[in-house]
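# Structural features, examined
Residues per chain, in single letters:
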Amino acid sequence: MIPQYLVDFDLGRLPVITTDVIIIGSGVAGLFTAIKASEDRHVTMITKKGLMESNTRYAQGGIAAVISGEDSAESHRKDTLLAGAGLCSLESVNILVNEGPRRVQDLIDLGTDFDEENGKLALTKEGAHSHRRILHANGDATGYEIVRALSEKVAAHERIDIWSDHYVIDLITEDNECLGALVQRPDGQRVFLRGQATILCTGGAGQLYRYTTNPEVATGDGIAIAYRAGAYLRDLEFVQFHPTSLCYPGAPRFLISEAVRGEGAVLRNIKGERFMERYHELLELAPRDIVARAIVSEMVATDSTHVYLDITHEAPEKIKRRFPTIYQTCLGYGLDMTTDWIPVAPAAHYMMGGVRTGHHGETNVERLFACGEVSSTGVHGANRLASNSLSEAIVFGNRIVERVRQIEPLKRTGSNIMSTEKRDQLINQPIMERRLKLQKVMVRQVGVRRTREGLLKGLEELQRLQPIFAEELRTCEQLEFANMLTCSLLLTESALTREESRGGHYREDYPQRDDQCWRKHILRHREQGMLEEFSDDI
């Protein structure tokens, strides 16, 4: 049983700090929302590392928005719905494609320097997009440029306090109202941060898997603490595995952007054969789930650990100019993109599911909001369209702030809230050992291709790790692992329940999409268990 709180506490005995808006996380969702909210509110931003450490920083491809006169919101809408495989929210997608261009202009006004060609914003094309609508910066360092620009504004803002190296343990709730957060400071002291509104911007959960493009901080914290606080989670079984992460001895699973394929790169198996024509008419630019499964199929068929990405037919100058970060990173490991085929394999990349929200980022818990990858707005459905994630974060971040401005003052103090589980001392088993065990289970049993037998085996192995919830947790690493286990258990149970294949969820024992039975969402709630919600994507 996953408890409501991970640690014992008595708010009446803890230091209390009050603010207007609490923002947990410092990716594009947190930074952009903080800037918008600080126009007339005091904001406290909590990040467990520093401002620059988030999934956004490593986003290469870009941000999707209708900029060109040859493109249209209707086209962007159709592409998004097609990729989402019948589980998108029509209204959420309409909001994204219509409000996205204005929010991109906000990023430009805040100092983001997107690439230009001939005096106009440069646009590229990525998988499953019908037009060139991907803005990028410094070639392939879009996320870094956005975070750079926004973090400079945040760091200099007089109404934004930044709590770096702080860890949010849990949200404090009373009668389904969020009062704020229980926070652990770098020295281990715990405080109650009380706020009029709390916004989760904690990113994804790629670290549930042994192989991921995500940084170390992406441990599913926001999903887990929202679940414990009583928020509904939705679509956790839909995990996007990026088809092309660097797979080379001694190198991390570095993301090789989809934009490389957008600019003409092709996939080859270890025999040198192009293979995507056997899997989809869009070839290398098919939706990510299809490309990832195609690569895994080729790896199995050829008994190999990777395939190759080949862009050697393009001009070296173009490759170096368009993909400077990828080029230099590969070069550091002895691989020259201009002359060498790059060994790649799928890796966990993005969570389509998360904390269920409305069209203004609101959850079912009063005063609690979610934005960015941690949220489930309905934009992505069963499979995210490339480069829609950054757009979603800024569009719904702006909408959250609109709703926060309508909130009445918080009256509850929370001083009488406590947790007294009387947990045991920490069992003498290294957290890193348990973490590695969890990651291996997820890769082997809950990865790109799933079966009932494998999911049941994985669930059984994960359940053996549950004693962590009865232990006395003190360090951030221990708390992180408890959150990772929470997310892994819920994800695996959801994947076991969905007996079909759709988007980022592929069951080898149920390989077909089943709209008659499964055109619906799986919800998770700590007290109500597993629920269903029908899709409005018709």
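It should be noted that the structure appears before, not after, this text.
The shown structure was predicted, so the numbers you read here are calculated from the model rather than taken from an experiment.

What follows deals with the overall build of the protein. In terms of helices and strands, the protein carries 14 helices and 23 strands. Computed over the C-alpha atoms, the radius of gyration of the protein is 22 Å, within 12% of the 24 Å expected from 2.2 N^0.38 for a compact globule of 538 residues. The buried share among the 538 residues of the protein stands at 63%. Here the contacts in the protein between residues at least 6 apart in sequence split such that 73% fall between residues at least 24 apart. Only carbon and sulfur atoms are counted for the fraction: they give 47% of the accessible area of the protein, which is about 20300 Å².

Turning to unusual backbone geometry, a few remarks are in order. For A85, which is not glycine, the phi dihedral falls at a positive 55°. Among the secondary structure elements, A85 is positioned in the loop between α2 (73-83) and α3 (90-109). Assessed through its relative accessible area of 8%, A85 is described here as buried. Positive phi, close to 55°, is recorded for N118, a residue that is not glycine.

With that settled, consider the packing of helix α5 (residues 221-228) against helix α13 (residues 476-497). Here α5 crosses α13 at 75°, and the two axes come no closer than 8 Å. It follows from the interaxial angle that α5 and α13 lie roughly perpendicular. Touching D221, I223, A224, I225, Y227 and R228 of α5 are E480, N483, T486, C487 and L490, all from α13. Considered class by class, the residues forming the contact of α5 with α13 number six nonpolar, two polar and three charged.

Counting 72 residues, the largest nonpolar core has I172, L200 and Y209 as the members making the most contacts within it. Looking at which element gives the most residues to this core, the answer is α13, with 11 residues. The contact partners of Y209, leaving out residues within four places of it in the chain, are V239, F241, A348, Q439, M442, V443, V446, G447, R450 and L491. Listed in part, the 37 residues of the second largest apolar core include F32, I160, C201 and V401.

Below, the discussion takes up the sheet that holds strand β13 (residues 233-234). On the basis of which strands lie adjacent, the open sheet formed by five strands has the order β20-β18-β13-β22-β23 and mixed pairing. In the strand order of this sheet, the two ends are held by β20 (375-376) and β23 (529-534), each with one partner. As judged from the six bridges shared by strand β22 (residues 520-525) and β23, these two strands associate in the antiparallel manner. Bridge pairing in β23 places H521 opposite E533. Docked against the sheet, α5 engages β13, β18 (354-356) and β22, running at close to 40° with respect to β18.

Relative to each other, helix α11 (residues 431-445) and helix α12 (residues 452-463) sit at 170°, their axes nearing to 9 Å. What the angle tells us is that α11 and α12 run roughly antiparallel. Contacts between α11 and α12 involve K437, L438, V441, M442 and Q445 from the former and G454, L455, K457, G458, E461 and L462 from the latter. Its residues placed into classes, the contact of α11 with α12 shows five nonpolar, three polar and three charged.

Moving on, we come to a positive patch on the surface. A cluster of like positive charges, contributed by R210, K440, R444 and K457, occupies part of the molecular surface. Mapping R210 onto the fold places it in the loop between β12 (190-200) and α5.

This brings us to the pattern of salt bridges. A complete count under the given rule lists 50 salt bridges for this structure. For R41, the salt bridge goes to D40, with nearest N and O atoms at 3.3 Å. Of the residues examined, D40 reaches a relative accessible area of 38% and is grouped as partly exposed. A salt bridge links D40 to R405; its shortest N-O distance comes to 2.9 Å. Here the residue D40 occupies a position in the loop between α1 (28-37) and β3 (43-47), and R405 occupies one in the loop between α10 (388-404) and β21 (418-419), the gap between them amounting to 365 residues.

Attention now moves to the environment of V404. Position of V404 relative to the elements: it lies in helix α10. Measuring from C-alpha to C-alpha, the distance between V404 and F369 comes to 9.1 Å, with 35 residues separating the pair along the chain. Not counting the four nearest positions on each side in its chain, V404 is found in contact with V21, R41, A197, I199 and F369.

Turning our eyes to something else, we now look at the pairing of strand β16 (residues 307-310). It is a general feature of regular strands that their side chains alternate between the two faces of the sheet. For strand β15 (residues 266-268) and β16, the ladder comprises three bridges, and the chain directions are antiparallel. Within β16, the residue paired with L267 across the bridge is L309.

A separate point is the side chain of S389. Within the secondary structure, S389 sits in helix α10. Among the polar contacts listed, one links the side chain of S389 to the side chain of R384, at a separation of 3.2 Å.

Attention now goes to the sheet that holds β15. With antiparallel pairing, the four strands of this open sheet are ordered in space as β14-β17-β16-β15. Every interior strand has two partners, whereas the edge strands, β14 (239-246) and β15, have only one. Ignoring which end each strand starts from, the neighbouring axes of this sheet average 45° apart. Pairing analysis gives three bridges linking β16 to strand β17 (residues 342-351), with the strands arranged antiparallel. The residue of β17 that forms the bridge with L309 is I342.

Rules and cut-offs
Residues numbered from 1 in each chain as written. Predicted model: local features only at pLDDT ≥ 70, side-chain atom pairs only at ≥ 80, totals over all residues. Heavy atoms only, no water. Helix = DSSP H or I, 4+ residues; strand = E, 2+ residues; numbered from the N terminus. Rg over C-alpha atoms; globule rule 2.2 N^0.38 Å. Buried < 20%, exposed > 50% of the residue type's maximum accessible area, 1.4 Å probe, protein only. Contact = heavy atoms within 4.5 Å. Areas by Shrake-Rupley, 256 points an atom, 1.4 Å probe, with all protein chains shown as cover. Axes fitted to C-alpha atoms, helices over the stretch in contact; angles between N-to-C directions. Parallel < 35°, antiparallel > 145°, perpendicular 65-115°, else oblique. Nonpolar A, V, L, I, M, F, W, Y, C, P; charged D, E, K, R; others polar. Core = buried A, V, L, I, M, F, W, Y, C linked by side-chain atoms within 4.5 Å. Pairing = 2+ DSSP bridges. Patch = residues over 30% accessible without salt bridge, like charges linked within 9 Å, V, L, I, M, F, W, Y side chains within 5 Å. Salt bridge = Lys/Arg side-chain N within 4 Å of Asp/Glu carboxyl O. Lys, Arg positive; Asp, Glu negative; His and termini not counted. Charge placed at Lys NZ, Arg CZ, Asp CG, Glu CD. Polar contact = N/O pair within 3.5 Å; in protein donor to acceptor, adjacent residues only side chain to side chain.

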